[in-house]
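# Coordinate inspection notes
This is what each chain is made of:
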Amino acid sequence: MSDSDVVRLEHIWVSYNSTPALEDINLHVKEHDFLGIIGPNGGGKSTLLKVILGLVQPDKGMVTVLGNPPARSRYKVGYVPQTSRFSVDFPVSVWDVVMMGRYGKTGLLKKYGKPDREAARKALERVGMLDHASAQIGALSGGQQQRAFIARALVGEPRLLLLDEPMASVDSAMQTGFYELLANLKKEMAIIMVSHDIGAVSVFVDKIACLNVQLYYHGSKEITPEILEATYKCPVQLIAHGEIPHRVLKEH
Amino acid sequence: MLEAFQFEFMRNALLAGLLASIACGIVGVYVVVKKIVSMSGSIAHASFGGIGLGYLLKFSPVLGAMLFALLSALTMGLVTRKTKLPEDTATGILWALGMALGVIFIGLSAGYAPDLMSYLFGNILTVPASDLYLMMALDIVILGIVVAFYKEFLLLSFDEEFGTAVGMPVNGLYLLLLCMVALTVVVLIRVVGMILVIAMLTFPAALARQFTHDMKKMMLLAVVFGMIFTMGGLWLSYALNLASGATIILLSGLVLMLSYILSAVFKKVKPERA
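As a convention, each chain's residues are numbered from 1 in the sequence order in which they are written. For naming, the first written chain is A and the first written ligand is 1, with later ones following in the order written. Restriction of local features to residues with pLDDT of at least 70 applies here, the model being predicted, together with a cutoff of 80 or more for giving and counting side-chain atom pairs; totals for whole chains, interfaces and linings are based on all residues. Only heavy atoms go into the side-chain values, all of them from the structure, while hydrogens and water stay out.

## Regarding the overall build of chain A
The helix and strand labels rest on DSSP assignments: H or I over at least four residues marks a helix, E over at least two residues marks a strand, and numbering proceeds from the N terminus. Secondary structure assignment for chain A yields nine helices and nine strands. Look at the contacts in chain A between residues 6 or more apart in sequence, and 67% of them connect residues 24 or more apart. Accessible surface for chain A amounts to roughly 11100 Å². Of this, 51% is attributable to carbon and sulfur atoms. We call two residues in contact when some of their heavy atoms are within 4.5 Å. Accessible surface is estimated by sampling points in the Shrake-Rupley manner with a 1.4 Å probe; for residues, cover comes only from the protein chains shown.

Below, the structure is given as structure tokens:
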């Protein structure tokens, strides 16, 4: 093992009511890694992130996050969930939502202080949402909400950022800015981003893994059609999208 | 109306209404935004077991109600968090069990159960001074908890999963929230009765939600609405010689419905917000 391992998963097994969700997952993520995980819906991508967060207990295997069990490293991990299921008229402002990300640095019964507010201001500025700080969260567009949730993940100054399908609600006009943000962030922290959108993931990440209950990880950015077909359990054609900057992977 | 306040019972009634509004306005906001309305209804009804136990063992039915409300809040919280029993099933079971126990206890207690109706449907005109002190103490406890745990309860209500992910003890806080609901039930029981408690926990907060997107303002507004409803209902029940608890609920229900209708009409006229 090395000190620079941000995440280490060793032989992780997870099942829901005896349906396997993850089988024998092994994964090492190092500092400043930007790992993209792709795979079909229901392939266990969100479950994998929840294992790293300690929200799901694996049946078997060992999880280490920043050298500790996940529950003890939570305050060093930023998490952007796939969709937030809050009601649109929930009475909370963008500012207050971002402040929630400071909980890990503040703790039970303590009030948020000046450093917390300063961090919230910086995080909102970084995602370009400072002007919307006082808006009610439900009144924002999907893409704006997503940026607010990214700010909430960043405000705790994490060493690991977990993004669950971040492209789902980011509109295409915002995509480039979003990728630039991620490119900047990876200088400061390790990032794991899961997506079912192969095109979206492959451009900016450094490493790609494919997940469909089992993990096909080759530590490089190149996905072969064989890996994709093993992941999706059917023949797959790689399609390049024209609207975003992209890189054509291996001939197939 | 003014001459009515020469009577001590009228002044007590007014004070009871004001004290009840504080608890139901603040806790009601959490009940509404956290969507635990039916769970709160269950806690309220289960408290009937405690009222019965009070009659049977000859201690204060209000204290019995507090005991049962707290016990059922803790049971409900633990069962829904630690077992696979669906939330609405647990809600239904506890609701009925508490009521059944109450009926059995009252049946076993010798003779006639005085002011049973006032516990069921409330009678703001007969609130004794001792209960006013209890209500005041519970208001202070509830206020203290909310001030201390404001940021925790906000995160708990908004996004529990994220709360867990940042290391907040969500299950413990959830139990605490349900216990606050239990205490609020006790505060309200004398005013509107345990059967109608759920309305006072919901209506003022739901109405306040129509006017603000700030949780603190929503609480403040809900308290003010609660006060208007209890005082208005009290006056109406006095003027029309109707049951006070039910009049308070009907008045607040009518206002709430009216506000929904008006806002639906208003939204049709105004362009949709982006």
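## Observations regarding the environment of A:P70
Residues and elements named next belong to chain A. Here P70 lies in helix α2 (residues 70-73). Distance from P70 to V205, taken between C-alpha atoms, is 24 Å for residues 135 residues apart in sequence. Every residue in contact with P70, bar those within four places of it in the chain, is listed here: V51, I52, L53, G54, V63 and V65.

## Observations regarding the interface of chain A and chain B
Between chain A and chain B, the contact holds 33 residues from the first and 29 residues from the second. The term buried area denotes the loss of accessible surface (1.4 Å probe radius) that occurs when two parts are joined, taken as the sum for both partners. Both sides of the chain A and chain B interface together cover about 2800 Å² of buried area, and 63% of this is carbon and sulfur. Considering only the surface of chain A that becomes buried against chain B, A:F90, A:P91 and A:Y103 emerge as the three largest contributors, covering 24% of it. The term salt bridge refers to a side-chain nitrogen of Lys or Arg lying within 4 Å of a carboxyl oxygen of Asp or Glu. Where chain A meets chain B, there are three salt bridges. The partner of A:D89 in a salt bridge is B:R209, with the nearest N and O atoms 3.1 Å apart.

## Points about the side chain of B:S157
Inspection of the secondary structure puts B:S157 in helix α7 (residues 150-158). Separated by 2.6 Å, the side chain of B:S157 and the backbone oxygen of B:F153 make a polar contact. Among residues more than four places away in sequence, those in contact with B:S157 are A:F90, B:Y30, B:V33, B:K34 and B:M215. Polar contact criterion, stated in full: a pair of N or O atoms within 3.5 Å, where within protein one must be able to donate a hydrogen and the other to accept it, and residues adjacent in sequence count only if both atoms are side-chain atoms.

## Some thoughts on the side chain of B:S109
All names here are of chain B. Along the chain, the position of S109 falls in the loop between α4 (87-108) and α5 (116-121). Residue exposure (1.4 Å probe, protein chains only): buried if accessible area is under 20% of the type maximum, exposed if over 50%, otherwise partly exposed. We classify S109 as buried; its relative accessible area is 7%. A polar contact is formed between the side chain of S109 and the backbone oxygen of I106, at a distance of 2.8 Å. Apart from the residues within four sequence positions on either side, S109 is in contact with Y55 and L56.

## Description of the packing of helix α2 (residues 37-57) of chain B against α4(B)
All names here are of chain B. All axes are obtained by fitting lines to C-alpha atoms, using only the stretch in contact for helices, and the reported angles, taken between N-to-C directions, cover 0 to 180 degrees. Two numbers describe how α2 lies on α4: the axes approach to 7 Å, and their chain directions differ by 20°. When the interaxial angle is binned, α2 and α4 end up roughly parallel. Handedness of the crossing formed by α2 with α4: left-handed. Contact residues: α2 offers S38, M39, G41, S42, H45, A46, F48, G49, G52, L53, Y55 and L56, while α4 offers E87, T91, L94, W95, G98, M99, L101, G102, V103, F105, I106 and L108. Looking at the contact of α2 with α4 residue by residue, the classes come out as 14 nonpolar, nine polar and one charged. Angles below 35 degrees are treated as roughly parallel, those above 145 as roughly antiparallel, those between 65 and 115 as roughly perpendicular, and all remaining angles as oblique. Crossing handedness follows the turn of the near helix against the far one: under a right angle anticlockwise gives a left-handed crossing, and clockwise gives a right-handed one. Charged means Asp, Glu, Lys or Arg here, nonpolar means Ala, Val, Leu, Ile, Met, Phe, Trp, Tyr, Cys or Pro, and polar covers whatever is left, Gly included.

## Quick look at the packing of aromatic side chains
Given two aromatic rings, their pairing is described by the distance between the two centres and the angle made by the two planes. Residue and element names in this part refer to chain B. Each aromatic pair joins two rings of Phe, Tyr and Trp (for Trp, the six-membered one) with centres within 6.5 Å, and gets the label stacked for planes under 30 degrees apart, edge-to-face for over 60, and tilted for any other angle. In total, this model carries seven aromatic pairs over all chains according to the counting rule given. When the ring of F149 is compared with that of F153, the centres are 6.0 Å apart and the planes differ by 50°; the resulting orientation is tilted. You'll find F149 and F153 in the same group, each marked buried. Summarising the aromatic geometry, the rings of F225 and F229 are spaced 6.4 Å apart at their centres and angled 20° between planes, so their arrangement reads as stacked. Here the residue F225 and the residue F229 both occupy positions in helix α11 (residues 215-240), the gap between them amounting to four residues, near one helical turn. Taking relative accessible area as the criterion, F229 reaches 4% and is therefore assigned buried.

## Section: the pattern of salt bridges
Residue and element names in this part refer to chain A. Summed over the entire model, instances satisfying the criterion amount to 19 salt bridges over all chains. Here K30 ties to D5 by a salt bridge, and the two come within 3.0 Å at their closest N and O atoms. Taken together, the positions of K30 in strand β2 (residues 19-30) and D5 in strand β1 (residues 5-16) put the pair 25 residues apart, joining distant regions of the chain. Residue class for K30 comes out partly exposed when judged on its relative accessible area of 36%.

## Brief notes about the sheet that holds strand β5 (residues 77-80) of chain A
All names here are of chain A. When DSSP finds two or more bridges between a pair of strands, those strands are recorded as paired. The strand order across the open sheet formed by six strands is β5-β6-β7-β3-β8-β9, and the pairing between neighbours is mixed. One side of each edge strand has no neighbouring strand; the edge strands of this open sheet are β5 and β9 (214-217). Mean inter-strand twist for the sheet, computed between neighbouring axes without regard to direction, equals 20°. In the packing of helix α1 (residues 45-53) onto the sheet, the strands contacted are β3 (34-38), β5, β6 (160-164), β7 (190-195) and β8 (207-212), and the crossing angle to β6 comes to about 155°. Docked against the sheet, helix α6 (residues 142-154) engages β5 and β6, running at close to 165° with respect to β5.

## Let's talk about the confidence of the model for chain B
Per-residue confidence from the predictor is reported as pLDDT, which spans 0 to 100. Model confidence for chain B is summarised by a mean pLDDT of 91, while 96% of its residues fall at 70 or above. Here the predicted complex carries an ipTM of 0.85, next to a pTM of 0.88.

## Quick look at the environment of A:Q175
All names here are of chain A. Checked against the element boundaries, Q175 lands in helix α7 (residues 172-185). Judged by its relative accessible area of 13%, Q175 falls in the buried class. The sequence separation of Q175 and G143 amounts to 32 residues, and the corresponding C-alpha distance is 9.4 Å.

## Things to note about helix α5 (residues 114-126) of chain A
One less than the residue count of a helix, multiplied by 1.5 Å, gives the span that helix is expected to have. For α5(A), built from 13 residues, the straight-helix expectation of 18 Å at 1.5 Å per residue is met to within 8% by its first-to-last C-alpha distance of 18 Å. Backbone geometry just after α5(A) places A:G128 at a positive phi near 70°.

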